[in-house]
Amino acid sequence: MRLSRFTALSSSLLLGAVLALTGAGAAQAAENAALDYVALGDSYSSGVGSGSYDSASGDCKRSTKAYPVLWKNANAPSSFAFTACSGARTGDVTANQLGPLSAATDLVSLTIGGNDAGFADVMTTCVLQSEATCINRVNQAKSYVDTTLPGKLDAVYTAIRNKAPSAHVVVLGYPRFYQLGGSCIAGLSENERTAINGASDYLNAAVAKRAADHGYTYSSVVPAFTGHEICSSSSWLHSVNWLNIGESYHPTAAGQSGGYLPSFRNAV
């Protein structure tokens, strides 16, 4: 009798645990389905480098393989607006991308700041000119990050909060570009690669600080990309591509799905 009562009790507890877990899973699914999600930002959010671009997005090059679309496909939010655009700077976000935001918006994602800091020009300078010129250009970008970028980020973050006061805002950073001591036998010097990685860290630190000061969640993609930088055996970043220069130094489809998507998902 005691054994039967114990077995019945154990079965009841187990069933309760299963139901609780199932209920939690259903609640999470329902919560995701009720979300109104807006994806803002530059080419790292639009998906440049991952291919499969929506022709309707024109020069913004929004990809079906970009992390916002991948997250949307997996979670089926109640609404999804994708306004991220290749080449966007902070002023482009505030001028052209905030239309879908409202008091009903629940979730916002964003990458921004790299174009303001001139990182495309940094990479071009480093590829085409001397090591000394490259490092000087990197230092100019870092100076801009110190003196000018914080105010521009503040303007974007404030505009988002004004239009979407209840939204959970996730700001994602940028990867380090190079694996030092890696497999590359030509191209930039290790000093140049080190300087570029350091500048990326510098930019990420500034973005993270401003995001935190606005009460936003910052998500670093550096851990996810570690081991997948340029010069690694499994790069998730395009190196310089003279046939399609716009995709240079952008994540591949694997970089979006294996680097940006989990970093965003964990922050959500």
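Residues numbered from 1 in each chain as written. Predicted model: local features only at pLDDT ≥ 70, side-chain atom pairs only at ≥ 80, totals over all residues. Heavy atoms only, no water.

Colleague: Talk me through the layout of surface pockets; I want residue IDs and the actual numbers.
Modeller: When its volume is computed, the largest pocket comes out at roughly 480 Å³. Lining the largest pocket are 27 residues, and of these Phe119, Ala120, Ser248, Tyr249 and His250 sit closest to its centre. For the lining of the largest pocket, the secondary-structure elements that each account for two or more residues are helix H2 (43-46), helix H5 (119-128) and helix H8 (190-213). In the lining of the largest pocket, the residues fall into 14 nonpolar, 10 polar and three charged. (1 Å grid on protein atoms, 1.4 Å probe; cavity = no way out; pocket = protein on both sides within 12 Å on 5 of 7 lines; lining within 4 Å. Points joined across faces, edges and corners; volume = space filled by probe spheres on them. Helix = DSSP H or I, 4+ residues; strand = E, 2+ residues; numbered from the N terminus. Nonpolar A, V, L, I, M, F, W, Y, C, P; charged D, E, K, R; others polar.)

Colleague: Outline the pattern of salt bridges, listing residues and values.
Modeller: All told, the structure shown has six salt bridges when counted by the stated rule. Put simply, arginine 210 and aspartate 154 hold a salt bridge, and the shortest N to O gap is 2.8 Å. Remark: aspartate 154 occurs in helix H7 (residues 149-163) and arginine 210 occurs in helix H8; sequence separation between them is 56 residues. For arginine 210, the salt bridge goes to aspartate 213, with nearest N and O atoms at 2.5 Å. Taken together, the residues span about one helical turn, with arginine 210 and aspartate 213 both in helix H8 at a distance of three residues. When its relative accessible area of 16% is taken as the criterion, arginine 210 is described as buried. Through salt bridges that share partners, Asp154, Lys209, Arg210 and Asp213 make up one connected network. (Salt bridge = Lys/Arg side-chain N within 4 Å of Asp/Glu carboxyl O. Buried < 20%, exposed > 50% of the residue type's maximum accessible area, 1.4 Å probe, protein only.)

Colleague: Please give an account of the side chain of serine 200 that cites residues and values.
Modeller: Its location among the elements puts serine 200 in helix H8. Residue class for serine 200 comes out buried when judged on its relative accessible area of 1%. Of note is the side chain of serine 200, whose polar atom sits 2.9 Å from the backbone oxygen of proline 175. Not counting the four nearest positions on each side in its chain, serine 200 is found in contact with Phe119, Tyr174, Pro175, Arg176 and Phe177. (Polar contact = N/O pair within 3.5 Å; in protein donor to acceptor, adjacent residues only side chain to side chain. Contact = heavy atoms within 4.5 Å.)

Colleague: Describe the packing of H7 against H8, with residues and values.
Modeller: What describes two packed helices is the angle between their axes and the distance between those same axes. Relative orientation of the contacting elements H7 and H8 amounts to 40°, with a least axis distance of 10 Å. Accordingly, the angle class assigned to the pair H7 and H8 is oblique. Note that H7 runs across H8; the crossing there is right-handed. Listed contacts from H8 to Leu149, Pro150, Leu153, Asp154 and Tyr157 of H7 are Leu203, Ala206, Val207, Arg210 and Ala211. The residue makeup of the contact of H7 with H8, split by class, is eight nonpolar, no polar and two charged. (Axes fitted to C-alpha atoms, helices over the stretch in contact; angles between N-to-C directions. Parallel < 35°, antiparallel > 145°, perpendicular 65-115°, else oblique. Left-handed = near helix turned anticlockwise from the far one by under 90°.)

Colleague: Explain the confidence of the model for the chain residue by residue, including any values.
Modeller: Counting all residues, the mean pLDDT for the chain is 91, and 88% of those residues have values of 70 or more. The low-confidence segment residues 1-19, where pLDDT is below 50, has zero contacts with residues more than four positions distant or belonging to other chains. (pLDDT = per-residue confidence, 0-100.)

Colleague: Run through the sheet that holds strand E3 (residues 107-110), naming residues and quoting values.
Modeller: Reading across from one edge, E2-E1-E3-E4-E5 is the order of the five strands in this open sheet, with parallel pairing throughout. Where the open sheet ends on each side, the last strands, each with one partner, are strand E2 (79-82) and strand E5 (217-219). Strand-to-strand twist across the sheet, computed as the mean angle between neighbouring axes with direction ignored, equals 15°. The strands touched by helix H3 (residues 67-75) within the sheet are strand E1 (36-39), E2, E3 and strand E4 (168-172), with E2 carrying the most contacts at an inclination of about 170°. (Pairing = 2+ DSSP bridges.)

Colleague: With reference to specific residues and values, describe the packing of aromatic side chains.
Modeller: Scanning all chains against the criterion turns up 13 aromatic pairs. Geometrically, the ring pair formed by tyrosine 37 and tryptophan 71 is edge-to-face, given 5.3 Å between the ring centres and 75° between the ring planes. In this pair, tyrosine 37 sits in strand E1 while tryptophan 71 sits in helix H3, placing the two residues 34 residues apart along the sequence. Arranged with centres 5.8 Å apart and planes meeting at 70°, the rings of phenylalanine 225 and tyrosine 260 form a pair that is edge-to-face. Residue phenylalanine 225 is found in helix H9 (residues 222-225), and its partner tyrosine 260 is found in helix H10 (residues 253-267); the two are separated by 35 residues along the sequence. (Phe/Tyr/Trp six-rings, centres within 6.5 Å; stacked < 30°, edge-to-face > 60°.)

Colleague: So what about the packing of helix H6 (residues 131-147) against H7? Which residues, and what values?
Modeller: Contact geometry for H6 and H7: axes closest at 4 Å, N-to-C directions at 50°. Compared by their axis directions, H6 and H7 come out oblique. Contacts from Tyr144, Val145, Asp146 and Thr147 in H6 reach Leu149, Pro150 and Lys152 in H7. For the contact of H6 with H7, the residue count by class is four nonpolar, one polar and two charged.

Colleague: Quick one: what's the story with the nonpolar core, residue by residue and with numbers?
Modeller: Note on soluble globular proteins: their nonpolar side chains tend to be buried together. Ranked by size, the top nonpolar core spans 65 residues in total, and within it Leu40, Tyr157, Ile160 and Tyr178 carry the most contacts. Considering each element in turn, this core owes the most residues, seven residues, to H8. Leaving out residues up to four positions away in the same chain, leucine 40 has contacts with Ser45, Thr83, Ala84, Val93, Gln97, Leu98, Leu101, Val108, Ser109, Leu110, Thr111 and Ile160. (Core = buried A, V, L, I, M, F, W, Y, C linked by side-chain atoms within 4.5 Å.)

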